[in-house]
Amino acid sequence: MSRASFILRRAGRGLLTIWFAVTVTFLLLRLLPGDPALALASPNMTDAIRATILEQYGLDQPLIVQYGLYMWQLLQGNLGISFTQSIPVLDVLLQRLPWTLLLTMTALVLTIIIGIPLGVAAASHKGRFIDRAVQIVGVTGQSLFVPSVAILLLFVFGLNLGWFPIGGAYTNNTYGLEWYLSVAQHLVLPAVSLMLIQVGSYVLTMRSTLIETLGEDYILLAKANGLRGRRILWKHALRNALLPTTTLIGLQLGFLVGGAVLTETVFAYPGIGRGIYEAVTQLDFPVLQGAFLMLAATVVVANTLTDIVYGYLDPRVKTS
Amino acid sequence: MKHSKFLALGAAAALAVGLAGCAPSAPEPGESSGSTGPSDETISIGTTTDVVNFNPVLGNSRTDSWITNLMYPHLLSISDDGTKEAHVATDWGYVDDTTGFYEIRDDLTWSDGEPLTAEDVAWTLNAVKRDQAPGTFYGQLGNLDTATAVSDTRVELTLTQPDSSIIEEIGFWGVVVPKHVFDPQGSIAEFANDGSDGGWVGMGPFIMSDFQVGQHYTLERVEDYPLVDGGVPGPAEVVYRVYPDVNTEILALQSGEIDVIANALPPAQVEQLSNTDGLQVIEAPGLGYAHLVYNMDKPDLAKTEVRQALAHAVDYEAIRTVVLQGQAVSTGSSALMPVLAKYYDESVTEYEFDPEKSRELMEKAGYTADAGGNFPVSFRLIYSLQDSVTSQWAQMVKDSAAEAGITIELQGTERNTYLSQTSEGDYDIYAGNFAIMDDPVTNFALSYLPGGAINYTHVDDSDLNALIEEGMVTFDEDDKISIMREANKIVHEQVYDNIMYTQNLFFAASDEWAGFISKPSELLSIVNPLSLASAHPVE
């Protein structure tokens, strides 16, 4: 299979996945208990007012009609108008997207630069104290729950030590360099929370695959040829051991996004995650549909890119 | 090796570019307001939800109201005893049974220098009615036909039928928006008013200058605000910051990140914060109540004796002492609460907690207890899990009812499900809260008339209906009070509503600020426009 057709097939599969995610999201939201009209007006509104609101937002139409209209609008690049904010959904999301990207990408970078070396250290010291300590860290990290970690960090480093702010993304009335420093300071606790729950997977995956790789015949041959351990580890073993970790980065992106919803909520970080939380409480269907579409697209694109990179690293994948 | 080096470099570069590209950009100094005037201080306030809508006639979110109330005026305010008082309107009332009026101040101007006139008031009312703008305001306009500015300072409202409450209710709940800004936008129900078209034009102590969704909402002082002593608001800026919940707000207050918590404190936090150095706790009367409502569409609950049995199976004092930490007052099981001083009727007293009496009433209703002392009925009580106070006392209601041999099954759900169950009548017993019941006639009409929006007991009592309808068209205050007291006695005797308590509200602030003017309810509290305009740093 040529590289182009490989990429096209992956892209086609990605689009199908996005359509499926959009449809499931549309249906699931309408299965939610509750009435969006109640979120738009006072619960003590009359039936006539409720009917008016439902009509205004097309919620009085049959489900299939609502779905058809939604897909038609979507194909034209229109995500709709927020029920509660009366502005285009795209504007709602774009206001928040930069913060979510900043948070998740920072957490991802932190996870990679901490997780991979830790895994390598454990594998290269297999059975020794460092290995056991890293494994404990890895297993513990996997079992952490974001809000618990976040609240603990908030209490210790925010309230007791006062090193970091309690919430938000920056300090008001700061400009230029001061603003960037304020953004960095506000980013620390949410990014560390998100990193802590991700890093365990990277550590354990890196460790197990590297140990497996280090037992391969070609590594033994390299040793027999008198190559130094450090050179074998970094030059020969690591590249192959990175393959499962590369896949993990793509797969974990979904968890990263899920974690961001909780992290942003606890730290009042103004990203899409916090926006989703508020849209759920207000049953703002268009915003939720738009947010989930954006998240699904992000995960699908990341996975597709992972497939392509993986295919580049290991040419056998393209022919499978 | 070459490939992997390039790959690693490429990945690092992509990440770096990605991070740089996605990073939010720094604001320019000119984008936010500077500080001028009597105080250079910014007062920071914590809230738990974002602004949903900057258009003050839409929706009913609390944060929306806190912020838009600083920019758009109401005609009337409210005093601690529940009576409406002047704000933009200096006089109000009725010309005849179907014509009401407001006289408004003549010294107010919008922030762009245009005068605020009766035409703005009339246009706002007519536009909200015409465009059916969804929200609490529109809900008050049922009996409004049309509003007319008969002079620069007088608005007259033609009603579709006599309504003795509508003038005060519109005055209290409705806002005034500038016609010259809102009219060109088309439908008032579809105008986002998010400042994207040249900023905001308002009339209040502060005006929005800058915001970042999910992060902060900054309002700068308006130098000329005649409704506050001295004519100039105290703080140079008001900044609302968003936090996930009240507990995080408390952490932020303690760490000095904010100066005021807009939300009422949970009862368990009041005493602790009262004794915390650097903080002050300010009390405001509650205007609402917590209640239990028994669904009369259910055959068992249609029996008066069963509702009375349930009413006598609740230990009200224990709930107020344990769950509310003594911060709630009894209403005498009355929908005419003590805070509405003119209407309160001391002859109506609280249902006595008496399990034996409950048993007698259940037997009188035709039920026989089994060997274990339990009656062969079970009632499903719904409540919102987001309401931590009700969640606690619901368990106490279940336990005390069990003492009387009555089984109650608790069904706590998330808020949207709870609201849905409520609107569909899918419950035996409804447990919940109303934040503001400021007008007795309106409250009774909504709660006890057939088809009333919050008639959760589904009552249709001809004697009660007649009294409420008479109250709605009685314009003499003494007569109205007398009629509503009669109606209240029926509600009490028949247990059409079981009012548990009115909760006093407590608000926390840094003691580096003084001058707050608290007003009843969480909606107004110490973040009402007059209060924030009067606040000043302690020397």
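Residues numbered from 1 in each chain as written. Chains lettered and ligands numbered in written order. Predicted model: local features only at pLDDT ≥ 70, side-chain atom pairs only at ≥ 80, totals over all residues. Heavy atoms only, no water.

## Looking at a negative patch on the surface
Phase 1 of the analysis: There is a patch of like negative charges on the surface, built from B:Asp40, B:Glu41, B:Asp277, B:Asp511 and B:Glu512.
Phase 2 of the analysis: With respect to the helices, strands and loops of the structure, B:Glu512 is situated in the loop between strand 19 (505-510) and strand 20 (513-514). (Patch = residues over 30% accessible without salt bridge, like charges linked within 9 Å, V, L, I, M, F, W, Y side chains within 5 Å. Areas by Shrake-Rupley, 256 points an atom, 1.4 Å probe, with all protein chains shown as cover. Salt bridge = Lys/Arg side-chain N within 4 Å of Asp/Glu carboxyl O. Lys, Arg positive; Asp, Glu negative; His and termini not counted. Charge placed at Lys NZ, Arg CZ, Asp CG, Glu CD. Helix = DSSP H or I, 4+ residues; strand = E, 2+ residues; numbered from the N terminus.)

## Brief notes about the pattern of salt bridges
All names here are of chain A.
Phase 1 of the analysis: Taken as a whole and assessed by the stated rule, the structure comprises 19 salt bridges over all chains.
Phase 2 of the analysis: Close ionic contact of Asp-131 with Arg-207 constitutes a salt bridge, the shortest N to O distance being 2.6 Å. Placement of Asp-131 in helix 6 (residues 129-142) and of Arg-207 in helix 8 (residues 176-214) is noted, with a sequence separation of 76 residues between them. Each of the two residues, Asp-131 as well as Arg-207, counts as buried. (Buried < 20%, exposed > 50% of the residue type's maximum accessible area, 1.4 Å probe, protein only.)

## Section: a positive patch on the surface
Residues and elements named next belong to chain A.
Phase 1 of the analysis: Among the surface-exposed residues, Arg-228, Arg-230, Arg-231 and Lys-235 lie close enough to one another that they form a single positively charged patch.
Phase 2 of the analysis: Relative to the helices and strands, Arg-228 resides in the loop between helix 9 (217-224) and helix 10 (229-266).
Phase 3 of the analysis: For Arg-228, a relative accessible area of 59% translates into the label exposed.

## Quick word on the confidence of the model for chain B
Residue and element names in this part refer to chain B.
Phase 1 of the analysis: For chain B, the average pLDDT comes to 90, and 93% of its residues sit at 70 or higher.
Phase 2 of the analysis: Low pLDDT, under 50, characterises residues 1-17; the predicted model gives this stretch seven contacts beyond four residues in sequence or across chains.
Phase 3 of the analysis: Residue range residues 30-37 is modelled with pLDDT below 50. Its contacts to residues more than four positions away, or to other chains, number 17 contacts. (pLDDT = per-residue confidence, 0-100. Contact = heavy atoms within 4.5 Å.)

## Thoughts on empty space enclosed by the protein
Phase 1 of the analysis: Inspection of every chain in the model, using the stated rule, returns seven cavities of 30 Å³ or more.
Phase 2 of the analysis: Approximately 150 Å³ is the volume attributed to the largest cavity.
Phase 3 of the analysis: Lining the largest cavity we find 17 residues, and of these A:Gln85, A:Val92, A:Arg96, A:Gly275 and A:Glu278 sit closest to its centre.
Phase 4 of the analysis: If one sorts the elements of the lining of the largest cavity by residue count, helix 11 (residues 272-282) of chain A sits on top with six residues.
Phase 5 of the analysis: Here the second largest cavity is characterised by a volume of approximately 110 Å³.
Phase 6 of the analysis: Lining of the second largest cavity is provided by A:Gln85, A:Ile87, A:Gln95, B:Val51, B:Val52, B:Asn53, B:Phe54, B:Ala192, B:Asp194, B:Phe211, B:Val213 and B:Tyr217.
Phase 7 of the analysis: Each residue belonging to the lining of the second largest cavity can be placed in one class, and the counts come to eight nonpolar, three polar and one charged. (1 Å grid on protein atoms, 1.4 Å probe; cavity = no way out; pocket = protein on both sides within 12 Å on 5 of 7 lines; lining within 4 Å. Points joined across faces, edges and corners; volume = space filled by probe spheres on them. Nonpolar A, V, L, I, M, F, W, Y, C, P; charged D, E, K, R; others polar.)

## Notes on the environment of A:Val266
Phase 1 of the analysis: Among the structural elements, A:Val266 can be located in helix 10.
Phase 2 of the analysis: Counting along the chain gives 76 residues from A:Val266 to A:Pro190, while the straight-line C-alpha distance between them is 8.6 Å.
Phase 3 of the analysis: In this structure A:Val266 touches A:Pro147, A:Ala150, A:Ile151, A:Leu154, B:Pro244 and B:Thr248, once residues within four positions along its chain are discounted.

## Here's the deal with the packing of aromatic side chains
Phase 1 of the analysis: Per the stated rule, a full pass over the model turns up 23 aromatic pairs over all chains.
Phase 2 of the analysis: Between A:Trp99 and A:Tyr170 the ring centres are 5.8 Å apart and the planes differ by 25°, which places this aromatic pair in the stacked class. With A:Trp99 in helix 5 (residues 89-124) and A:Tyr170 in the loop between helix 7 (146-160) and helix 8, this residue pair connects regions lying 71 residues apart in the sequence. Judged on exposure class, the residue A:Trp99 and its partner A:Tyr170 are both buried.
Phase 3 of the analysis: Seen in terms of ring centroids, B:Tyr430 and B:Tyr456 are 4.5 Å apart; in terms of plane orientation they differ by 50°. Their pairing is tilted. Taken together, the positions of B:Tyr430 in strand 17 (residues 429-434) and B:Tyr456 in the loop between helix 14 (440-448) and helix 15 (462-472) put the pair 26 residues apart, joining distant regions of the chain. Residue B:Tyr430 shares its accessibility class with B:Tyr456, and that shared class is buried.
Phase 4 of the analysis: By the ring-pair criterion, three or more aromatic residues cluster together here, those being A:Trp99, A:Tyr170, A:Trp179, A:Tyr180 and A:Tyr269. (Phe/Tyr/Trp six-rings, centres within 6.5 Å; stacked < 30°, edge-to-face > 60°.)

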